[in-house]
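# Coordinates in review
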Amino acid sequence: MGAEEIVPEIPVKEQIRAQKRNVDRSRRTLEREQKKLEREKKKMLSEIKKLAAKGQTVGAKMLAKDIVRATNQMKKLEQFCGQLRAVSMRISSCSTLNELGDAMNNAAKALTLVSNKLDTQKLQAMAKALAKEDMRLEMKSEMMSDVMDTIGESMDDEEEQEELYNQVLAEAGVKIEGEMVGPNKE
């Protein structure tokens, strides 16, 4: 019956951040190692040239083998770096998904609060009142449309009346002019 240690649970966000840091740190270490191998390769090439100039072919061949090994190791390091970049991107996507989950959780909580505070009976009463008002406005709109049509018709009637009046005046004017013209001629 030993005492159990109570380990505080680390939030997922912190775990993701720590893992991403570890992966990025490892990737940078591999990149530094790769650069170091590149520098050593250049040094060995210059050594091979010196040894070849002196005629020491055995030493030059050994250095050439070392260069091949270093090149192969650099290729492997490059592959590892690529894999670590892929892991880092996956961790980033996990982080994004975690944040999305948190946002959805918060939205669900907010909707629950709104739902609890929302009175459905009041909402239904408001919807009915809005429907009644909509019907009233529609009726008023129809009435206004009918009045406008009537005004338009009466305007057409007025135009007909105006034409008839002008016709009568024209006839009377002609007679009046004829009468006026007649006495002036005499």
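See the structure shown above.
Notes on the structure follow. (Residues numbered from 1 in each chain as written. Predicted model: local features only at pLDDT ≥ 70, side-chain atom pairs only at ≥ 80, totals over all residues. Heavy atoms only, no water.)

## Things to note about the nonpolar core
Where a protein is soluble and globular, its nonpolar side chains tend to be buried together. Counting residues in hydrophobic clusters, the biggest one holds 10 residues: Leu-37, Met-44, Ile-48, Leu-51, Ala-60, Leu-63, Ile-67, Ala-70, Met-74 and Leu-77. Broken down by secondary-structure element, the contributors of at least two residues to this core are helix 1 (12-54) and helix 2 (57-117). Contact partners of Leu-51, with chain neighbours within four places excluded, come to Gln-56, Gly-59, Ala-60 and Leu-63. (Core = buried A, V, L, I, M, F, W, Y, C linked by side-chain atoms within 4.5 Å. Buried < 20%, exposed > 50% of the residue type's maximum accessible area, 1.4 Å probe, protein only. Helix = DSSP H or I, 4+ residues; strand = E, 2+ residues; numbered from the N terminus. Contact = heavy atoms within 4.5 Å.)

## Description of helix 2
Look at helix 2: 89 Å from first C-alpha to last across 61 residues, which is about the 90 Å you get at 1.5 Å a residue. Inspection of helix 2 places Ala-60, Leu-63, Ile-67, Ala-70, Thr-71, Met-74, Leu-77, Cys-81, Leu-84, Ser-88, Ile-91 and Asn-98 among the buried residues, and these make up the whole buried set. On its buried face, helix 2 is in contact with helix 1. (Expected span 1.5 Å × (residues − 1).)

## A few points about the side chain of Arg-27
Along the chain, Arg-27 turns up in helix 1. Judged by relative accessible area, which is 18%, Arg-27 ranks as buried. Other than its neighbours up to four places away in sequence, Arg-27 contacts Cys-81, Leu-84 and Arg-85.

## Side note on the pattern of salt bridges
A pair can form between side chains of opposite charge whenever their charged atoms are brought close. Scanning the entire structure with this criterion turns up eight salt bridges. For Arg-27, the salt bridge identified is with Glu-31, shortest N-O distance 3.3 Å. In this pair, Arg-27 and Glu-31 are both assigned in helix 1, four residues apart and thus about one turn of the helix distant. One salt bridge in this structure joins Arg-69 and Asp-66, with 2.6 Å as the shortest N-O distance. Here Arg-69 and its partner Asp-66 are both found in helix 2, three residues apart, which amounts to about one turn of the helix. Using a relative accessible area of 51% as the deciding quantity, one classes Arg-69 as exposed. Accessibility expressed as a relative area gives 30% for Asp-66, which makes it partly exposed. (Salt bridge = Lys/Arg side-chain N within 4 Å of Asp/Glu carboxyl O.)

## Observations concerning a positive patch on the surface
Together, Arg-21, Arg-25, Arg-28 and Arg-32 make up a positively charged patch on the protein surface. Relative to the helices and strands, Arg-32 is located in helix 1. (Patch = residues over 30% accessible without salt bridge, like charges linked within 9 Å, V, L, I, M, F, W, Y side chains within 5 Å. Areas by Shrake-Rupley, 256 points an atom, 1.4 Å probe, with all protein chains shown as cover. Lys, Arg positive; Asp, Glu negative; His and termini not counted. Charge placed at Lys NZ, Arg CZ, Asp CG, Glu CD.)

## Some thoughts on a nonpolar patch on the surface
Side chains of Leu-97, Leu-100 and Met-104 sit close together on the surface and give an oily, nonpolar patch of about 330 Å² of accessible area. Within the secondary structure, Leu-97 sits in helix 2.

## What to know about helix 1
Look at helix 1: 63 Å from first C-alpha to last across 43 residues, which is about the 63 Å you get at 1.5 Å a residue. Looking at helix 1, one finds that the buried residues are Ile-16, Val-23, Asp-24, Arg-27, Gln-34, Leu-37, Lys-41, Met-44, Ile-48 and Leu-51. In the core, the buried residues of helix 1 are packed alongside helix 2. Just past helix 1, the residue Gly-55 takes up positive phi, approximately 90°.

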